Amino acid sequence: MKHPMKRSLPTQPARRTLTYSTLTLSAFIYSSLAPAHTTGSHAISEGLTLSAGLATTVRSGPDPLDTPWQIPGKLMGGEANLPESGFTLDDAHLEATFRHRSGVVAGAELSSHHDSSVTFEQAWAGFQAPEGGMLRSASLMAGQMNAAFSPEINLHASRSAFSTPRLMDSSFYGGHFNDTGVKGQMVLSDWQLGAELWQGDTFPATPGQGGGSQDVFAYWRPSTSSAQWVIGGWLLHSRADQRIDERLTSGHSHGTVSVTTADTVRYDGGEQHLGVHAGVTFDISATVSAQFVAEWIEAHAKGTLKDTTHLAELEGDYRGYWIQPSLIWSGNQSLVFRYERLILKNRLSGAGATALVDPAGLGNPGEDPESMGISYRFYPILSQSDSAFWHQLGIRLEWTRVDAGIEDDYVGIGLLFRAQDSFAVN
Amino acid sequence: MKSGHRLQPGFWAGFCIFGLAACSDLSQTTLDSDGKIASLFAWNIPDDVPLPVEPESNPLTQAGFELGRHLFYDARLSGNGTQSCGSCHLPEKAFTDGLPVGIGSTGELHPRNSQSLINTAYNATLTWANPSLRSLEQQIVIPLFGESPIEQGITDGNRDEILQRLRDEPRYEALFADAFPDEGDPLNYDNIVKGLASFVRGLVSFSSAFDRFERGETSALSASAQRGRALFFSETLECFHCHGGYNFSDSTTDRSQTFIERPFHNTGLFNIGGVGDFPADNRGILEITGDPSDMGKFRAPTLRNIALTAPYMHDGSFASLPEVIRFYAAGGRNITEGPHAGDGRSNPFKDGFVTGFELEPSQEQDLVAFLESLTDTEFLSSSHIQNPWTDAP
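A quick note: this is a predicted structure, and the numbers were derived from the prediction, not measured. (Residues numbered from 1 in each chain as written. Chains lettered and ligands numbered in written order. Predicted model: local features only at pLDDT ≥ 70, side-chain atom pairs only at ≥ 80, totals over all residues. Heavy atoms only, no water.)

1. Quick word on the overall build of chain A
Okay, step 1: Secondary structure summary: chain A contains 3 helices and 16 strands in total.
Okay, step 2: Within the span of chain A, comprising 426 residues, buried residues form 56% of the whole.
Okay, step 3: With an accessible surface of roughly 16,400 Å², chain A has 60% of that area assigned to carbon and sulfur atoms. (Helix = DSSP H or I, 4+ residues; strand = E, 2+ residues; numbered from the N terminus. Buried < 20%, exposed > 50% of the residue type's maximum accessible area, 1.4 Å probe, protein only. Areas by Shrake-Rupley, 256 points an atom, 1.4 Å probe, with all protein chains shown as cover.)

Right, here's the structure in full:
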């Protein structure tokens with residue numbers, strides 16, 4: 001198997017032997033320990049590649065909520081959920097990608113996230129142009145896919161430093177971004193460029209007339225002999241038509257006299273996101289590497305909120321960021337710190353403003369939702385061979401403090417497994 | 001990037017950290033309710049309850065309310081001088097009369113029960129079953145001038161005489177002048193209607209034991225009432241679907257609303273002949289709309305002060321709250337004999353929420369205790385809504 005990281009190995013003579021051995025090991029380890037930005041090519045290997053991942057966690061909190069999790073000050077939806085105390089299956093996925101020598105590519109993925117249901121997360125097909133000159137890959141795909149505009153938005157818990165999604169992904173993208181659409185991207189030298197057109201099945205958009213999402217993204221991934229960088233970002237526009245928070249079901253229980261509930265509040269309007277992602281991975285010594293990754297989103301929402309009797313105009317200016325410094329040592333251990341914060345500003349106007357603010361979850365007492373956590377991962381089993389097959393088995397210890405709709409801190413211990421194999425297809 | 005570049009990872013990482021920290025800000029949500037809290041009247045309504053709608057042609061003022069109070073309790077405002085609005089809407093009975101159906105000034109029976117006037121300002125529609133009656137100014141002309149049935153009995157033949165009675169009352173000159181300061185001769189029927197509407201509109205009540213409990217006074221409700229509250233808002237009993245919201249009625253409107261819902265419900269009181277019929281003189285909004293599916297549909301009244309407003313239902317057919325609860329527990333009423341015989345439980349037009357439920361006797365008592373907690377004794381005993389003529393010389 002040819003790991004994508006190997007494509008960015010240094011070629012200059014200086015430090016070649018040490019650097020190659022360090023980065024080869026790091027490249028493999030990074031596939032589990034490093035952020036996704038270190039694997040930027042997105043090229044599909046020729047033949048059939050099967051990969052699987054599993055992540056489970058036992059947590060001390062938070063206690064299950066009676067109603068869907070609501071970050072104060074942000075319309076939510078999609079699959080934005082807090083983890084629950086006890087045992088959870090955070091991630092189980094099986095993915096297959098195929099590339100014919102003609103350039104035809106296809107992929108499919110079965111997965112389960114934080115619940116017992118198994119879904120077809122990806123099913124796509126397309127064409128990938130052969131490499132040549134500065135062009136390292138170029139592809140056009142269509143079908144149900146994970147978005148590529150952010151390197152980390154769809155990272156499975158078996159690969160992520162933490163078992164739970166970031167506040168930013170939960171609030172802006174309903175936990176993750178997976179939709180049906182068309183994706184075109186190319187990697188030209190150190191640049192990755194792409195555009196995606198989505199039909200709007202995923203939050204914050206809605207499907208059908210008046211809905212949908214579009215995004216463009218660009219990343220620059222330079223590297224030196226001892227450091228790798230990624231700097232880039234994305235622009236996303238989405239439209240929602242009569243969007244409701246689908247996490248809310250009809251089996252509601254009313255403990256107050258209010259008849260206006262969040263599941264009746266609908267949003268009709270658009271959102272624009274500007275995201276910036278930056279990261280660097282650098283060697284501190286032959287066996288120790290450090291990373292720093294950060295992401296920043298500026299978002300603007302403008303539309304109308306209404307229920308059966310109320311109407312209000314909503315303008316929202318949202319900012320979110322997370323920073324994640326980490327250390328990787330001995331090739332199989334990592335310590336990661338994560339801090340994230342949301343700044344959510346809403347202006348509601350019109351007759352229904354007062355009536356809708358709380359049912360919509362937009363009431364905010366002037367506190368920025370935030371969370372922080374520390375994760376330690378150790379992979380005692382780390383198979384690496386010349387064959388196309390590899391597998392990893394590790395544990396994760398994590399501590400998380402969240403102050404975003406709930407206030408809690410909890411610890412978790414989890415099991416991580418990943419495996420991948422590649423097959424030649426004639 | 002090529003090897004000649006000089007990127008210092010540690011420097012840039014630190015720069016980003018400080019940059020992010022420097023950009024710290026505070027979340028906030030601001031509301032502009034579009035002037036929806038403006039009023040000339042001291043509503044005395046809790047902050048979490050929106051204000052009622054005031055018509056532009058008759059904004060509520062204290063002077064208008066006071067004029068209306070005098071008119072409301074003045075029997076001279078009837079054809080034969082024997083009946084005031086307050087004759088059928090007594091404050092001690094939460095502005096009902098305790099009778100199954102109302103009785104007009106000439107003794108004619110109204111086909112329907114006299115409704116409470118508390119929080120009428122929030123009604124999406126007025127009376128028991130008229131989707132077209134949207135304002136108190138529209139509604140009040142019916143008891144004043146209606147001929148079928150006759151209530152106040154004001155006719156073309158006596159209207160001038162009645163007006164003269166009011167002119168002869170010394171108090172009214174100042175009351176009308178205060179309420180309508182821009183008019184030279186404000187004592188006319190248009191302003192009488194406006195005055196009456198102002199008084200009724202100002203009868204708002206949100207100070208019951210239940211309200212105090214909801215605002216955090218945990219001792220305001222007895223343990224039994226708290227259990228009844230849980231039952232009331234449960235999906236098992238479904239009460240709150242039609243009697244929910246701050247006014248305990250789904251037919252509620254206020255200034256925050258842009259779209260007005262006007263729901264009506266058939267609760268299964270009758271099923272004459274097994275075809276869904278109601279008595280010929282009391283068939284709900286069918287009488288207005290002509291739509292056969294509207295048979296037996298009536299507006300869900302507020303349950304505020306409900307313990308004082310017996311008998312219940314649009315025809316006053318239940319004498320007590322336990323009777324009403326048992327009726328809903330049965331999912332309707334089965335009349336086995338007589339001209340109205342029929343099983344209301346299977347009325348084809350019955351509301352989907354009236355499906356019946358089972359209650360233990362103690363639970364029935366809890367539910368009654370909760371309904372009794374909706375009585376606002378503070379408001380009903382306050383002097384500003386009482387009959388002003390009792391101290392007349």
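2. Digging into the overall build of chain B
Okay, step 1: Counting its secondary structure elements, chain B contains 14 helices and 3 strands.
Okay, step 2: When each of the 393 residues of chain B is scored for burial, the buried share is 53%.
Okay, step 3: Here the contacts in chain B between residues at least 6 apart in sequence split such that 66% fall between residues at least 24 apart.
Okay, step 4: For chain B, the exposed surface amounts to about 17,400 Å²; the carbon and sulfur share of it is 53%. (Contact = heavy atoms within 4.5 Å.)

3. Notes on the pairing of strand β10 (residues 266-283) of chain A
Residues and elements named next belong to chain A.
Okay, step 1: With 15 bridges joining them, strand β9 (residues 227-243) and β10 adopt antiparallel strand pairing. If you follow Leu 236 over to β10, its bridge partner there is His 273.
Okay, step 2: Sheet analysis places β10 next to strand β11 (residues 288-306), joined by 18 bridges and oriented antiparallel. Within β11, the residue paired with Tyr 267 across the bridge is Leu 305. (Pairing = 2+ DSSP bridges.)

4. Quick notes on the environment of B:Arg167
All names here are of chain B.
Okay, step 1: With respect to the element layout, Arg 167 can be found in helix α5 (residues 159-168).
Okay, step 2: Each C-alpha atom of the pair Arg 167 and Asn 188 lies 9.7 Å from the other, and the pair is 21 residues apart in sequence.
Okay, step 3: Residues in contact with Arg 167, not counting those within four places in the same chain, are Asp 185 and Leu 187.

5. Some words on the side chain of B:Thr375
Okay, step 1: Summarising the element assignment, B:Thr375 is placed in the loop between α13 (361-372) and α14 (377-380).
Okay, step 2: Note on B:Thr375: relative accessible area 14%, which makes it buried.

6. Some words on the pattern of salt bridges
Residues and elements named next belong to chain B.
Okay, step 1: Scanning all chains against the criterion turns up 30 salt bridges over all chains.
Okay, step 2: One salt bridge in this structure joins Asp 294 and Lys 297, with 3.7 Å as the shortest N-O distance.
Okay, step 3: The class for Asp 294 is buried, based on a relative accessible area of 10%.
Okay, step 4: Between Arg 326 and Glu 364 there is a salt bridge, with the nearest N and O atoms lying 2.8 Å from each other. On the criterion of sequence distance, the pair formed by Arg 326 in helix α12 (residues 321-329) and Glu 364 in helix α13 is long-range, its members being 38 residues apart.
Okay, step 5: Among the residues examined, Arg 326 registers a relative accessible area of 49% and is labelled partly exposed.
Okay, step 6: You can call Glu 364 buried: its relative accessible area is 15%. (Salt bridge = Lys/Arg side-chain N within 4 Å of Asp/Glu carboxyl O.)

7. Things to note about the nonpolar core
Soluble globular proteins tend to pack their nonpolar side chains together in the buried interior.
All names here are of chain A.
Okay, step 1: Residues Tyr 173 and Leu 305 are the most contacted members of the largest nonpolar core, which totals 50 residues.
Okay, step 2: Broken down by secondary-structure element, the contributors of at least two residues to this core are β5 (135-146), α2 (167-173), β8 (212-220), β9, β11, β12 (311-329), β13 (333-349) and α3 (353-357).
Okay, step 3: With 5 residues, β11 is the single largest residue contributor to this core.
Okay, step 4: Look past the residues within four positions of Tyr 173 in its chain and what remains in contact with it is Phe 149, Ile 153, Met 168, Phe 203, Pro 204, Trp 234, Leu 236, His 273 and Ile 297. (Core = buried A, V, L, I, M, F, W, Y, C linked by side-chain atoms within 4.5 Å.)

8. Some points on the packing of aromatic side chains
Residue and element names in this part refer to chain A.
Okay, step 1: On inspection of all chains with the given rule, the structure shows 39 aromatic pairs over all chains.
Okay, step 2: Relative to Trp 234, the ring of Phe 149 lies with its centre 5.4 Å away and its plane at 45°, an arrangement referred to as tilted. Here Phe 149 is found in the loop between β5 and α2, whereas its partner Trp 234 is found in strand β9, with 85 residues between them in sequence. The same class applies to Phe 149 as to Trp 234, namely buried. (Phe/Tyr/Trp six-rings, centres within 6.5 Å; stacked < 30°, edge-to-face > 60°.)

9. A word on the packing of helix α2 (residues 62-72) of chain B against helix α6 (residues 170-179) of chain B
Residues and elements named next belong to chain B.
Okay, step 1: Interhelical geometry of α2 versus α6 gives an angle of 145° and a closest axis separation of 8 Å. For α2 against α6, the interelement crossing comes out left-handed. Facing α2, whose interface residues are Ala 63, Gly 64, Glu 66, Leu 67, His 70 and Leu 71, α6 presents Arg 171, Tyr 172, Leu 175, Phe 176, Asp 178 and Ala 179.
Okay, step 2: Across the contact of α2 with α6, the residue classes tally to 7 nonpolar, 2 polar and 3 charged. (Axes fitted to C-alpha atoms, helices over the stretch in contact; angles between N-to-C directions. Left-handed = near helix turned anticlockwise from the far one by under 90°. Nonpolar A, V, L, I, M, F, W, Y, C, P; charged D, E, K, R; others polar.)

10. Section: the confidence of the model for chain A
Low-pLDDT stretches of the model should not have their predicted coordinates read in fine detail.
Residue and element names in this part refer to chain A.
Okay, step 1: Chain-level pLDDT for chain A is 86 on average; 85% of the residues reach the 70-or-more range.
Okay, step 2: Here residues 35-40 is a poorly scored stretch, pLDDT under 50, and it has 27 contacts once near neighbours within four places are set aside; other chains count.
Okay, step 3: Predicted confidence for residues 250-262 stays below pLDDT 50, and this span has 25 contacts to residues more than four positions away or in other chains. (pLDDT = per-residue confidence, 0-100.)

11. Some thoughts on the side chain of A:Glu121
All names here are of chain A.
Okay, step 1: Residue placement: Glu 121 occurs in strand β4 (residues 119-129).
Okay, step 2: No salt bridge is formed by the buried Glu 121; the nearest opposite charge belongs to Lys 183, separated by 10 Å.
Okay, step 3: In this structure the side chain of Glu 121 is engaged in a polar contact, spanning 2.5 Å, whose partner is the side chain of Ser 111.
Okay, step 4: Aside from chain neighbours lying at most four places away, what touches Glu 121 is Glu 109, Ser 111, His 113, Gln 144, Asn 146, His 156, His 176 and Asn 178. (Lys, Arg positive; Asp, Glu negative; His and termini not counted. Polar contact = N/O pair within 3.5 Å; in protein donor to acceptor, adjacent residues only side chain to side chain.)

12. A word on unusual backbone geometry
Okay, step 1: Here A:Phe203 and A:Pro204 are connected by a cis peptide whose omega angle stands at 15°.
Okay, step 2: Relative to the elements of secondary structure, A:Pro204 occurs in the loop between β7 (191-198) and β8.
Okay, step 3: Across the junction of B:Ser148 and B:Pro149, the peptide omega takes the value 0°, indicating a cis bond.
Okay, step 4: Structurally, B:Pro149 is set in the loop between α4 (136-145) and α5.
Okay, step 5: With a phi close to 55°, A:Ser330 is a non-glycine residue in the positive phi region.
Okay, step 6: With respect to the helices, strands and loops of the structure, A:Ser330 is situated in the loop between β12 and β13.

13. Describing a nonpolar patch on the surface
Residue and element names in this part refer to chain A.
Okay, step 1: Judged by side-chain polarity, Val 58, Phe 87, Ile 395, Leu 397, Ile 413 and Leu 415 come together as a nonpolar surface patch covering roughly 520 Å² of accessible area.
Okay, step 2: Looking at the nonpolar patch, the elements with two or more residues in it are β15 (390-403) and β16 (407-423).
Okay, step 3: Secondary-structure assignment places Ile 395 in strand β15. (Patch = residues over 30% accessible without salt bridge, like charges linked within 9 Å, V, L, I, M, F, W, Y side chains within 5 Å.)

14. Focus on the confidence of the model for chain B
Residue and element names in this part refer to chain B.
Okay, step 1: Model confidence for chain B is summarised by a mean pLDDT of 92, while 92% of its residues fall at 70 or above.
Okay, step 2: For chain B, the element scoring lowest by mean pLDDT is helix α1 (residues 9-22), at 56; helix α7 (residues 189-201) scores highest, at 98.
Okay, step 3: Under a pLDDT of 50 for its full length, residues 1-7 has, in the predicted model, 12 contacts with residues more than four places off or in other chains.

15. Some points on α7(B)
Residues and elements named next belong to chain B.
Okay, step 1: The end-to-end C-alpha distance of α7, which contains 13 residues, comes to 18 Å, matching closely the 18 Å that a straight helix rising 1.5 Å per residue would cover.
Okay, step 2: With 12 of its 13 residues buried, α7 lies for the most part within the structure.
Okay, step 3: Residues Tyr 189, Asn 191, Ile 192, Val 193, Lys 194, Gly 195, Leu 196, Ala 197, Ser 198, Phe 199, Val 200 and Arg 201 constitute the buried set of α7.
Okay, step 4: Against α2, α3 (85-88), α4, α5 and α6 lie the buried residues of α7.
Okay, step 5: Between the side-chain oxygen of the N-cap and the backbone nitrogen of Asp 190 there are 3.2 Å, and the N-cap of α7 in question is Asn 188. (Expected span 1.5 Å × (residues − 1).)

16. Let's talk about the environment of B:Leu117
Residue and element names in this part refer to chain B.
Okay, step 1: With respect to the helices and strands, Leu 117 occurs in the loop between α3 and α4.
Okay, step 2: Taking relative accessible area as the criterion, Leu 117 reaches 13% and is therefore assigned buried.
Okay, step 3: In this structure, the C-alpha to C-alpha distance between Leu 117 and His 89, residues 28 residues apart in sequence, is 7.3 Å.
Okay, step 4: Discounting residues that sit within four places of it in the chain, Leu 117 has contacts with Phe 72, His 89, Ala 94, Phe 95, Val 200 and Leu 203.

17. What about α2(B)?
Residue and element names in this part refer to chain B.
Okay, step 1: Of all 11 residues in α2, 8 are buried, a share of seventy percent or more.
Okay, step 2: Of the positions making up α2, those classed as buried are Gly 64, Phe 65, Leu 67, Gly 68, Arg 69, His 70, Leu 71 and Phe 72.
Okay, step 3: Its buried side turned inward, α2 meets α3, α5, α6 and α7.

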